Amino acid sequence: MNTFQNVLGITALIALVLLPVLAGLARERRIDRELRAAQRARSDGPPKTAGAAQPVRTARRPYVRSWARV
C-alpha cells in the first residue's frame, strides 16, 4: 500500500508540473493558427468583383518650389 501511495504522489507532482506547460503549448498553437489564418487572409487581399469601382491612380507631381529653403 505504501508503494502505491508513493507512485500516486509522484504522479500527482508530475501532473502538477506538466499541466501548466501543456496548457501553454495548447495556447501557443492556437495563437499560431490564428496568426497564420490572418496572414493568409491578408495576402489574398480583398475579394475582387467586376462591378466594383477601382481607386484612381495618379502620378504625384513634384513641387516646383519647396517651403524649405536650402
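Keep in mind that this is a model prediction, so the values were computed, not measured.

Asks: Go over the overall build of the protein chain, please, and point to the residues and values.
Replies: Along the backbone of the protein chain there are one helix and zero strands. Within the protein chain, the proportion of its 70 residues that are buried is 0%. Summing over all exposed atoms, the protein chain offers an accessible surface of approximately 7600 Å²; the carbon and sulfur share of this is 62%.

Asks: Account for the pattern of salt bridges, with residues named and values stated.
Replies: For side chains bearing opposite charge, pairing can occur when the charged atoms are close. Counted under the stated rule, the structure contains one salt bridge. As a salt-bridge pair, Glu 34 and Arg 30 come within 3.3 Å of each other at their nearest N and O atoms. On the criterion of helical spacing, the pair formed by Glu 34 and Arg 30 is a turn pair, its members being four residues apart in helix α1 (residues 2-44). With relative accessibility at 47%, the residue Glu 34 sits in the partly exposed group. Under the relative-accessibility criterion, Arg 30 is labelled partly exposed at 37%.

What counts and what doesn't
Residues numbered from 1 in each chain as written. Predicted model: local features only at pLDDT ≥ 70, side-chain atom pairs only at ≥ 80, totals over all residues. Heavy atoms only, no water. Helix = DSSP H or I, 4+ residues; strand = E, 2+ residues; numbered from the N terminus. Buried < 20%, exposed > 50% of the residue type's maximum accessible area, 1.4 Å probe, protein only. Areas by Shrake-Rupley, 256 points an atom, 1.4 Å probe, with all protein chains shown as cover. Salt bridge = Lys/Arg side-chain N within 4 Å of Asp/Glu carboxyl O.

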